[in-house]
Every structure is written in structure tokens, then in C-alpha cells.
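Summary of structural features
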Amino acid sequence: LQFAVIKDELTAMVDDIIRQFLNDKIYEKDQAQNWCNGISDEIIKALHQQQRGFKFVCTCTIFQKGYASMNFSSTCLWNPNQDGSVTVKYENDKMHAFVCLFGLAP
């Protein structure tokens, strides 16, 4: 199975999980880490149940909206024919969230 075949499905799943955790919430510094942990855990749990045959790495970043900017990048050495990644962005009036999911074929 190639990552490209399931990329759109994974993007939708990640987006749904982020929304379950963050819709209708305002940014709370004391809760942001818990939300990151919960989002990442739920994504990995859902992937484990689906038995996709990939090794997955998930990162989550949540930050308050304001006047500062943020840039990030990641790179991997992998097989471009089988492996892949998705980045899902979420935002509401008070915060931004980014989830990066990397799928590596065994």
C-alpha cells in the first residue's frame, strides 16, 4: 500500500479529530498541552485500529492567535514511492493548530 492512496482519507480523519478537541474552545495556556497530547493520542489510536501497515509519527502544535508569526518545516529521508505525510491546519477565533502525520512503510 502506498501512502498516496490513503492521504486524503488520513487528512479527513486528522481534521475530524482536531475539531472534536478544539471546536468551540478558546485558547487556554494551561490546557494546550493536554489538547496536543489528546489529539496525537487519538490519531495514533485510530490508526492502530485500522492496521494500515505503516509506522506513523504524529506531531501537534497549538498556539494562541496574536501578532506573532510562526514558521515550521520538517523533512525526512524516505522512500517517496511508498511513504508520505500530511499536514492539517485548524484555526478558530482564538488559536491555531497544526498536526503533522508521517507514514513510513515498514
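Residues numbered from 1 in each chain as written. Predicted model: local features only at pLDDT ≥ 70, side-chain atom pairs only at ≥ 80, totals over all residues. Heavy atoms only, no water.

1. Some points on the pattern of salt bridges
Short version of the rule: Between Lys or Arg on one side and Asp or Glu on the other, a salt bridge is scored when a side-chain nitrogen of the former is within 4 Å of a carboxyl oxygen of the latter. Secondary structure follows DSSP: runs of H or I at least 4 residues long count as helices, runs of E at least 2 residues long count as strands, and numbering of each begins at the N terminus. Residue exposure (1.4 Å probe, protein chains only): buried if accessible area is under 20% of the type maximum, exposed if over 50%, otherwise partly exposed.
Scanning the model with the defined rule gives 5 salt bridges in all. Notably, a salt bridge pairs glutamate 91 with lysine 65, separated by 2.8 Å at the nearest N-O pair. Linking glutamate 91 in strand β2 (residues 84-91) with lysine 65 in the loop between β1 (55-64) and β2, this pair joins segments that are 26 residues apart in sequence. Its relative accessible area of 30% is what places lysine 65 among the partly exposed residues. Here the residues in one salt-bridge network are Lys65, Lys89 and Glu91, joined through shared partners.

2. Topic: helix α1 (residues 3-22)
An α-helical turn contains 3.6 residues, so a residue and the one three or four places further along point in the same direction. We apply this condition: Given the number of residues in a helix, its expected span is that number minus one, multiplied by 1.5 Å. A residue's bend is simply the angle between two axes: one fitted to the seven residues ending at it, one to the seven starting at it. Contact between two residues is taken to exist if any of their heavy atoms lie within 4.5 Å; hydrogens are not considered.
Its 20 residues give α1 an end-to-end C-alpha distance of 27 Å, which sits within 8% of 28 Å, the value for a rise of 1.5 Å per residue. By the largest-angle criterion, glutamate 9 marks the main kink of α1, which is about 35°. Buried residues along α1 sit in contact with α2 (29-50), β1, β2 and β3 (95-104). Directly after α1, the chain includes aspartate 24, whose backbone phi takes a positive value near 65°.

3. Some details on the packing of aromatic side chains
Cut-off, in case you're wondering: Side-chain rings of Phe, Tyr and Trp (the six-membered ring for Trp) are treated as a pair once their centres are within 6.5 Å; stacked means planes under 30 degrees apart, edge-to-face means over 60, and tilted covers the remaining angles.
One pass over the full model with this rule turns up 4 aromatic pairs. Here phenylalanine 3 and phenylalanine 54 contribute two aromatic rings whose centre-to-centre distance is 5.8 Å and whose plane-to-plane angle is 90°, an arrangement assigned as edge-to-face. Remark: phenylalanine 54 occurs in the loop between α2 and β1 and phenylalanine 3 occurs in helix α1; sequence separation between them is 51 residues. For the pair phenylalanine 3 and phenylalanine 54, a shared accessibility class is recorded, and that class is buried. Pairwise contacts between aromatic rings join Phe3, Phe54 and Phe56 into one cluster.

4. Comments concerning the pairing of β3
This is how it is decided: Strands are treated as partners if at least two bridges between them are detected by DSSP.
In terms of residue burial, β3 counts as a mostly covered element, since 9 of its 10 residues are buried. When β1 meets β3, the two strands line up antiparallel, connected through 10 bridges. Looking across to β3, one finds that phenylalanine 56 is bridged to glycine 103. Of the pairings in the sheet, the one linking β2 to β3 comprises 8 bridges and is antiparallel in character. Across the sheet, the residue bridging to glutamate 91 is histidine 96, located in β3. Linking two consecutive strands that pair antiparallel, namely β2 and β3, is a turn of 3 residues.

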